[in-house]
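What follows is the residue order along each chain.
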Amino acid sequence: QREASGQGVNVVAVDLPGHGDSAWREDSDYSPATLAGALNPFLDQLLDDGVLAGPLTLVGHSLGGLTAIDLAAGRDDVAHVITLDSLPGLVESGQGAGDFMEKLRAMVGGPTVFASRDQIVAQALALGFGGKSEAAVRRGVIHNTRVRADGQVEWKHHIARLKVDDLVSTLGDPAAGWERLASLASALDVITASNGVISPAQLDKLRQIRPGSRIITLDSGHNLQEDAPQGLADALARLT
């Protein structure tokens, strides 16, 4: 909770299905529409219980940003959507998309169980994946892995177990995503990364479809929360 204009603002962070400590889906379907369908009753419960009060602001990074767009398209209590390095066509044409996908293939295409977190950190650093510093990489590894009963370490999120091409297919049809984005009754703003996965063409398309959308670019890789946490916090404060 933070103070804004003299009023408290409740903030709830959600583990998407298959992410964090949430259960994995048996069908391995992590499309934005499916994730939005899973989150809708959860949001309704938070509103009914008084934990949140509308109008809502949805903030989502990467796949979470596409999910936020789908959520907002199906609700009348969302006033604002902020996506973090996320627009339809997420990994198709961004200036760093090809490099990002190659690193992702190398990172998740290998072993899924490791002897230690140090082993994962070393692999991520060798690939230049996950953050600007070893401390940032280690923090990300700690948050995204768990130690099993046998002492070995595995990724928490199911997506790390999927083939990368199957993962890309879960992002949904870009044309349908742009249609949903265009139809939103809520405001929509974007915080993007200078070395992220969004291309100038995608930002131009956003400006054409929604000329009122604000765009803030940070000096960061795709994982804004790891590369530029203070800049991201400042940008979110400016937009909300």
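Quick summary incoming for the structure in this document. Quick caveat: nothing in here was measured; it's all calculated off a predicted structure.

1. Topic: the overall build of the chain
Moving on, step 1. Helices and strands together make up the secondary structure of the chain, namely 10 helices and nine strands.
Moving on, step 2. Scored against the burial criterion, the 240 residues of the chain give a buried share of 45%.
Moving on, step 3. Summarising the internal contacts of the chain: among those between residues at least 6 apart in sequence, 68% fall at separations of at least 24.
Moving on, step 4. Here the chain has roughly 11700 Å² of accessible surface; of this, 51% comes from carbon and sulfur atoms.

2. Some remarks on the pairing of strand S9 (residues 215-221)
Moving on, step 1. Bridge analysis of strand S8 (residues 187-195) against S9 gives five bridges, and the strand direction is parallel. Opposite alanine 193, over in S9, you have leucine 218 as the bridge partner.

3. Examining the packing of aromatic side chains
Moving on, step 1. Under the criterion given, the structure shown has one aromatic pair.
Moving on, step 2. When the centroid spacing of 6.3 Å and the interplanar angle of 85 degrees are considered together, the rings of phenylalanine 114 and tryptophan 155 count as edge-to-face. Pair noted here: phenylalanine 114 is in strand S5 (residues 113-114) and tryptophan 155 is in strand S7 (residues 153-155), with a separation of 41 residues, a long-range link.

4. With respect to the packing of helix H7 (residues 174-183) against helix H8 (residues 200-209)
Moving on, step 1. Two numbers describe how H7 lies on H8: the axes approach to 10 Å, and their chain directions differ by 40 degrees. For H7 against H8, the interelement crossing comes out right-handed. Touching Trp178, Leu181 and Ala182 of H7 are Gln202, Lys205, Leu206 and Ile209, all from H8.
Moving on, step 2. Residue composition of the contact of H7 with H8, by class: five nonpolar, one polar and one charged.

5. Some points on the side chain of aspartate 77
Moving on, step 1. Along the chain, aspartate 77 falls in the loop between helix H2 (63-73) and strand S4 (78-84).
Moving on, step 2. Beyond its immediate stretch of four places on either side in the chain, aspartate 77 contacts Leu47, Pro55 and Leu56.

6. Some thoughts on the nonpolar core
Across soluble globular proteins, you tend to see nonpolar side chains buried next to one another.
Moving on, step 1. Among the nonpolar cores identified, the biggest contains 28 residues, and Leu43, Leu58, Val81, Leu87, Leu181, Leu188 and Leu206 are the most heavily contacted of them.
Moving on, step 2. Those elements that place two or more of their residues in this core are helix H1 (32-48), strand S3 (56-61), H2, S4, H7, S8 and H8.
Moving on, step 3. In contact with leucine 58, other than residues within four places in its own chain, are Leu43, Ala68, Leu71, Ala72, Val78, His80, Val81 and Ile82.
Moving on, step 4. Residues Ala193, Ile216, Leu218 and Ala235 belong to the second largest nonpolar core, which totals 10 residues.

7. Focus on the pattern of salt bridges
Moving on, step 1. Summed over all chains, the structure comprises 12 salt bridges.
Moving on, step 2. Arginine 25 serves as the salt-bridge partner of aspartate 27, at 2.9 Å between the closest nitrogen and oxygen.
Moving on, step 3. In this structure, the salt-bridge partner of glutamate 154 is arginine 148, at a minimum N-O distance of 3.9 Å.
Moving on, step 4. Taken together, the salt bridges that share partners define one network made up of Arg146, Arg148, Asp150 and Glu154.

8. Things to note about unusual backbone geometry
Moving on, step 1. Of note, the bond from glycine 54 into proline 55 is cis; its omega dihedral lies within 30 degrees of zero at -5 degrees.
Moving on, step 2. Secondary-structure assignment places proline 55 in the loop between H1 and S3.
Moving on, step 3. For serine 62, which is not glycine, the phi dihedral falls at a positive 60 degrees.
Moving on, step 4. Positionally, serine 62 belongs in the loop between S3 and H2.
Moving on, step 5. A positive phi angle, near 45 degrees, is found at aspartate 85, a position not held by glycine.
Moving on, step 6. Note on placement: aspartate 85 falls in the loop between S4 and helix H3 (97-108).

Conventions used here
Residues numbered from 1 in each chain as written. Predicted model: local features only at pLDDT ≥ 70, side-chain atom pairs only at ≥ 80, totals over all residues. Heavy atoms only, no water. Helix = DSSP H or I, 4+ residues; strand = E, 2+ residues; numbered from the N terminus. Buried < 20%, exposed > 50% of the residue type's maximum accessible area, 1.4 Å probe, protein only. Contact = heavy atoms within 4.5 Å. Areas by Shrake-Rupley, 256 points an atom, 1.4 Å probe, with all protein chains shown as cover. Pairing = 2+ DSSP bridges. Phe/Tyr/Trp six-rings, centres within 6.5 Å; stacked < 30°, edge-to-face > 60°. Axes fitted to C-alpha atoms, helices over the stretch in contact; angles between N-to-C directions. Left-handed = near helix turned anticlockwise from the far one by under 90°. Nonpolar A, V, L, I, M, F, W, Y, C, P; charged D, E, K, R; others polar. Core = buried A, V, L, I, M, F, W, Y, C linked by side-chain atoms within 4.5 Å. Salt bridge = Lys/Arg side-chain N within 4 Å of Asp/Glu carboxyl O.

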